[in-house]
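One-letter residues, chain by chain:
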Amino acid sequence: MTLDRRRWLSAAGAALGSAWLAGCDRLATNSTFTGVLRVAERWTKGAQRLVTDRNALAREFSRAEISRDFRANGTLRPQDPEYVALVAENFAGYRLVIDGLVEQPLALTLAEVRAAPARTQVTRHDCVEGWSSIGEWTGARLSALLDRARLKPEARYIVLHCADTLDPYATDGAGRYYESIDLVDAYHPQTILAYAMNGATLPVRHGAPLRLRVERQLGYKHAKYVMRVEAVASLEGIGRGQGGFWPDRGYEWYAGI
Ligand SMILES: Nc1nc2c(c(=O)[nH]1)N[C@H]1C(S)=C(S)[C@@H](COP(=O)(O)O)O[C@H]1N2
Ligand SMILES: [Mo]
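Residues numbered from 1 in each chain as written. Chains lettered and ligands numbered in written order. Predicted model: local features only at pLDDT ≥ 70, side-chain atom pairs only at ≥ 80, totals over all residues. Heavy atoms only, no water.

Novice: Just checking my understanding: could you explain the overall build of the protein chain for this structure?
Specialist: The number of helices and strands found in the protein chain is eight helices and 10 strands. Across the 257 residues in the protein chain, those meeting the buried criterion constitute 46%. Looking at the protein chain as shown, the accessible area adds up to about 13400 Å², and 53% of this sits on carbon and sulfur atoms. (Helix = DSSP H or I, 4+ residues; strand = E, 2+ residues; numbered from the N terminus. Buried < 20%, exposed > 50% of the residue type's maximum accessible area, 1.4 Å probe, protein only. Areas by Shrake-Rupley, 256 points an atom, 1.4 Å probe, with all protein chains shown as cover.)

This is the structure we're talking about:
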């Protein structure tokens, strides 16, 4: 989608109203103003290219390429009492909370999550520690869940709050795992909250009952044990403010691959 100058001008004109358009001819001959337009145009194209690239799909593999033993990493079985209780009842009382900057906060049962628009994909998971595994994931499209909750215009990031305390020694209360993504990744077609792996119910070690798959990013962005999805305007005030458990400890927030 490229905007030519005429369309850009008329869109800008429409936004500013007809009084502005009346002075348009005079403005168009003003070199400072046309310079500003050129810069704006270039910026728009650059931004569009960036967004287009980020919307490209991660490579998908055939079922024959699925790793026989998909590695598990980080928390393998949360010991947090709330989670232990959920496992004991096979997640019957689990609710996926979607709140924050949304018009319609939700608390969805797993059946409701499974009934949402879904996607299945065979992808390669790349951990910063230097290993990769290929697996098949099925889950609800995050975009569909967010559309149901209706994001407010101020929402800029989606925070995934997890059930597990990975650092029990954090004295500032920032020991819980969490991650966050921007709206480009949140609306990417391969971004799902997965409830199945390799055709079976998602096992605890891989993040039951729901784990994020955000296939254009490194492994640590793929939050397991997701309890709550929060729409926010800023990442300040969450954990240590860097947007994720590992970003709070020096990793990049944006881990695109
Ligand atoms: N809640 C939670 N999510 C997490 C982690 C974790 O420790 N806790 N580890 C991350 C890291 S570093 C990786 S590589 C992947 C591992 O996912 P897997 O165990 O399914 O391979 O989960 C990510 N998501
Ligand atoms: Mo990782």
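Novice: Can you walk me through the pairing of strand β1 (residues 96-100) in this structure?
Specialist: Looking at chain direction, β1 and strand β2 (residues 106-108) are connected through three bridges and run antiparallel. Each residue of the ladder has a partner; that of V97, found in β2, is A107. If you look at the hairpin formed by β1 and β2, you'll find five residues sitting between the two strands. With four bridges connecting them, β1 and strand β10 (residues 226-232) associate as parallel partners. Considered in β10, the bridge of V97 is made with R228. (Pairing = 2+ DSSP bridges.)

Novice: I'm lost on the packing of aromatic side chains in this one. Help?
Specialist: For the structure shown, the criterion picks out nine aromatic pairs. Taking 5.7 Å as the distance between ring centres and 90 degrees as the angle between the ring planes, the aromatic pair formed by Y157 and W253 counts as edge-to-face. With Y157 in strand β5 (residues 157-165) and W253 in the segment after β10, this pair connects stretches of sequence that are 96 residues apart. When its relative accessible area of 15% is taken as the criterion, Y157 is described as buried. (Phe/Tyr/Trp six-rings, centres within 6.5 Å; stacked < 30°, edge-to-face > 60°.)

Novice: What is the right way to look at the site of ligand 1 in this model?
Specialist: Close to ligand 1 lie 22 residues, the nearest being R71, N73, D164, H206 and K224. Here T75 contributes a backbone N or O atom positioned 2.9 Å from an oxygen atom of ligand 1. At 2.7 Å, a side-chain N or O of K224 approaches an oxygen atom of ligand 1. In the complex, the protein chains occlude 98% of the 530 Å² of accessible area that ligand 1 would expose alone. Residues that form the shell around ligand 1 fall into these classes: 10 nonpolar, seven polar and five charged. (Near = heavy atom within 4 Å. Polar contact = N/O pair within 3.5 Å; in protein donor to acceptor, adjacent residues only side chain to side chain. Nonpolar A, V, L, I, M, F, W, Y, C, P; charged D, E, K, R; others polar.)

Novice: I'm lost on helix α7 (residues 142-149) in this one. Help?
Specialist: An α-helical turn contains 3.6 residues, so a residue and the one three or four places further along point in the same direction. Here α7 lies mainly inside the structure; six of its eight residues are buried. Within α7 the residues assigned to the buried category are L142, S143, A144, L145, L146 and A149. One or two steps after α7, the chain reaches R150, where phi turns positive at roughly 60 degrees.

Novice: When you look at the nonpolar core in this model, what are you seeing that I'm missing?
Specialist: Grouped burial of nonpolar side chains is what soluble globular proteins tend to show. Of all hydrophobic cores here, the largest spans 43 residues; its most connected members are L96, I98, L142, L193 and V229. Residue contacts for L193: discarding those within four places in its chain leaves L96, G139, A140, L142, L145, L210, R211, L212, V226 and V229. (Core = buried A, V, L, I, M, F, W, Y, C linked by side-chain atoms within 4.5 Å. Contact = heavy atoms within 4.5 Å.)

Novice: Help me understand the environment of G199 in this model?
Specialist: Within the secondary structure, G199 sits in the loop between β7 (192-197) and β8 (200-201). For G199, a relative accessible area of 68% corresponds to the exposed category. For the pair formed by G199 and G135, sequence separation is 64 residues and the distance between their alpha carbons is 9.7 Å.

It is worth stressing that arrangement in space is one thing and function is another; only the former is reported here.
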